[in-house]
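# What the coordinates show
Below are the chains, spelled out letter by letter.
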Amino acid sequence: MNQHNMKQAAATAAIELIPPQSIVGVGTGSTVTYFIEALATIKPHIEGAVSSSHASTKHLQALGIPVLELNDVAELPIYVDGADEINHDLQMIKGGGGALTREKIIAAAAKEFVCIADQSKYVSKLGQFPLPIEVIPMARSYVAREIVKLGGDPVYRSGFTTDNGHLILDIHNLNITQAIELEQRINHISGVVTCGLFAQRPADHLLLATDTKVKQLKAAQKV
């Protein structure tokens, strides 16, 4: 399978994990696009979706899937999203599309977090992909200086604004050996909304598409 086919295969496999008559948390990104299309095939059997971005909301609504606000949902049994990188502990870097804050909120609210990815995203160590950080606009320069103290090289994502009205710094050259600790340190910098490390709340399951099949993995269960 090529990468296009792998993304589609992982996304389609996630449909089998959706509980009947449930509300489904839906992430953002190229692999999730395939998941949304697959979700439309079972829309009579779900109550609706909670979306992590304006882009996913538009796609869901265009396919006739009701979109609900998280504040109006008492229980969210499952959240399905992709990753920019995911390690063997199912900790992730997310936010290449800029939806990291809403993604992190929905992941925290969900009972089960399922990551769908192709094999290029599966790594032994996080950090090759730049770590996105969502920041309050007035704090951009201050946060960048604090990140330099942590050994990272921040790059302002010029011309981009998140759905929350904030900015993104993409952090290069971070040595991510203790992902939970680093996530906490970055999130405690004043002006940071959240960072794209999903380590404190990793995925519960990974549907990893390889050249030949889709494998379902749990933390520390290597390919």
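Here is a short report on the structure shown in this document. Here the residue index of a chain counts from 1 through its sequence in written order. Owing to the predicted nature of the model, reporting of local features is limited to residues with pLDDT of at least 70; listing and counting of side-chain atom pairs is limited to 80 or more, with chain, interface and lining totals taken over all residues. As a rule here, side-chain values cover all heavy atoms of the structure and leave hydrogens and water aside.

### A few points about the pairing of strand E7 (residues 110-118)
So the rule is basically this: The classification of residues rests on relative accessible area computed with a 1.4 Å probe and restricted to protein chains. Under 20% of the type maximum is buried, over 50% is exposed, and intermediate values are partly exposed. We count a stretch as a helix when DSSP gives it H or I for four or more residues in a row; a strand needs E for two or more, and each element gets its number in order from the N terminus. Note on pairing: DSSP must find at least two bridges between two strands before they are called paired.
The element E7 is largely enclosed, with a buried count of seven among its nine residues. In this structure, strand E4 (residues 76-81) lies alongside E7, joined through five bridges in parallel fashion. Within the sheet, the bridge partner assigned to Val80 lies in E7 and is Val114. Summarising the sheet, E7 and strand E13 (residues 205-209) pair through five bridges and their orientation is parallel. Residue pairing for E13: Cys115 is matched across the bridge by Leu206.

### Observations concerning unusual backbone geometry
The phi dihedral of Gln21 falls on the positive side, at around 55°, and the residue is not glycine. Position of Gln21 relative to the elements: it lies in the loop between helix H1 (3-14) and strand E1 (23-26). Phi is positive for Leu90, close to 65°, though the residue is something other than glycine. As for its placement among the helices and strands, Leu90 is situated in the loop between strand E5 (85-86) and strand E6 (92-93). On the accessibility criterion, Leu90 (0% relative accessible area) is buried.

### Examining helix H5 (residues 140-149)
Heads up, the condition is: Starting at the helix axis, one direction is taken to each C-beta atom, and the arc is that of these directions. By the convention used here, residues are in contact when the closest approach between their heavy atoms is within 4.5 Å.
Along H5, the positions that sit buried rather than exposed are Val143, Ala144, Glu146 and Ile147. The buried residues of H5 all sit within an arc of 165° when viewed along its axis, so they share a single face. Of the exposed residues in H5, those oriented more than 90 degrees away from the buried face are Arg145 and Lys149. On its buried face, H5 is in contact with strand E8 (131-135), strand E9 (153-156), strand E10 (167-172), helix H6 (179-187) and strand E11 (192-195). Just beyond H5, the residue with positive phi is Gly151, at close to 95°.

### Focus: the pattern of salt bridges
A side chain with one charge may pair with a side chain of the opposite charge, provided their charged atoms come close. Defined as follows: A side-chain nitrogen of Lys or Arg and a carboxyl oxygen of Asp or Glu constitute a salt bridge if their distance falls within 4 Å.
Counted according to the given criterion, the structure contains six salt bridges. As a salt-bridge pair, Asp81 and Lys94 come within 2.8 Å of each other at their nearest N and O atoms. A residue pair is termed long-range when its members are at least 10 positions apart, and Asp81 in strand E4 and Lys94 in the loop between E6 and helix H4 (100-109) qualify at 13 residues. Looking at Asp81, the relative accessible area reads 0%, which means it is buried. Across the pair Glu146 and Lys149 runs a salt bridge whose closest N-O atoms are separated by 2.9 Å. Pair noted here: Glu146 and Lys149 are both in helix H5, with a separation of three residues, about one helical turn.

### So, the sheet that holds strand E12 (residues 197-198)
A sheet is described by the order of its strands in space; here three strands give the open sequence E5-E6-E12, paired in antiparallel fashion. Unpaired on one side and paired on the other, E5 and E12 mark the two borders of the sheet. Pairing between E5 and E6: two bridges, direction antiparallel. Paired with Glu85 across the bridge in E6 is Ile93.

### Regarding the packing of aromatic side chains
The following threshold applies: Working definition: rings of Phe, Tyr and Trp (its six-membered ring) pair if their centres are within 6.5 Å, and the pair is stacked with planes under 30 degrees apart, edge-to-face with planes over 60 apart, and tilted otherwise. Charge-over-ring placement is defined geometrically: NZ (Lys) or CZ (Arg) within 6 Å of the ring centre, and within 35 degrees of the ring normal.
Within the structure shown, the criterion is met by one aromatic pair. Between the NZ or CZ atom of Arg140 and the centre of the ring of Tyr156, over which it lies, the distance is 4.3 Å.

### Describing helix H3 (residues 54-62)
Quick reminder: α-helices carry 3.6 residues per turn. Residues three or four places apart thus point the same way. Listing the buried residues of H3 in full gives Ser56, Thr57 and Leu60. In an axial view of H3, the angular spread of the buried residues amounts to 105°, which keeps them on one side of the axis. Exposed positions of H3 whose direction lies more than 90 degrees from the buried face are Ala55, Lys58 and Ala62. Looking at the packing, one finds that the buried side of H3 touches E1, helix H2 (30-39), strand E2 (48-51) and strand E3 (67-68). After H3 finishes, the residue Gly64 shows a positive phi value of roughly 80°.

### Comments concerning the sheet that holds E11
This is how the line gets drawn: Axis angles are defined between N-to-C directions and span 0 to 180 degrees, where every axis is a line fitted to C-alpha atoms and, for a helix, only to the segment in contact.
Ordered in space as E9-E10-E8-E11, the four strands form an open sheet in which the pairing is antiparallel. The strands lining the two open edges of the sheet, one partner per strand, are E9 and E11. This sheet shows a mean twist of 30° between the axes of neighbouring strands, independent of strand direction. Pairing analysis gives five bridges linking E8 to E10, with the strands arranged antiparallel. Counted as the bridge partner of Glu134 is Ile168 from E10. Sheet strands touched by H5: E8, E9, E10 and E11. Its angle to E10, the strand with the most contacts, is close to 15°. Packing against the sheet, H6 makes contact with E8 and E11, and its axis sits at approximately 165° to E11.

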